[in-house]
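Close look at the chain arrangement
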Amino acid sequence: MSQYLKLGDDQFPVQLDAHNEVGAFKVVGHCIWAKTEDKITPDFLRSRIEPWLTALFSLNT
């Protein structure tokens, strides 16, 4: 099953497919912040998502 993620400077949603390791993903197609051979873990995703969410919610204060 695929997951899709679009944040900040992504022009298009990035497709993430399940990796051989449970809880990890691999990028399908073009992505500026990861390569197709990279193992995308929750910690890796957190490093992309947290700054974006912080910036998003700081605009409302």
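Notes on the structure in this doc start here. (Residues numbered from 1 in each chain as written. Predicted model: local features only at pLDDT ≥ 70, side-chain atom pairs only at ≥ 80, totals over all residues. Heavy atoms only, no water.)

1. Concerning the sheet that holds strand β3 (residues 25-28)
Each strand in a sheet pairs with another by means of backbone hydrogen bonds, the pair being arranged parallel or else antiparallel. Applied cut-off: Strands are treated as partners if at least two bridges between them are detected by DSSP. Think of it this way: any DSSP run of H or I at least four residues long counts as a helix, any run of E at least two long counts as a strand, and we number them from the N terminus. Helix axes are fitted only over the stretch in contact, all axes being lines through C-alpha atoms; the angle between N-to-C directions runs from 0 to 180 degrees.
Taken together, 3 strands build an open sheet; the order of strands is β1-β2-β3 and the sheet is antiparallel. The two strands at the open ends of the sheet, each matched to only one other strand, are β1 (2-5) and β3. Each strand axis lies, on average, 35 degrees off the axis of its neighbour in the sheet, ignoring direction. Looking at chain direction, β1 and strand β2 (residues 14-18) are connected through 4 bridges and run antiparallel. Counted as the bridge partner of Ser-2 is Asp-17 from β2.

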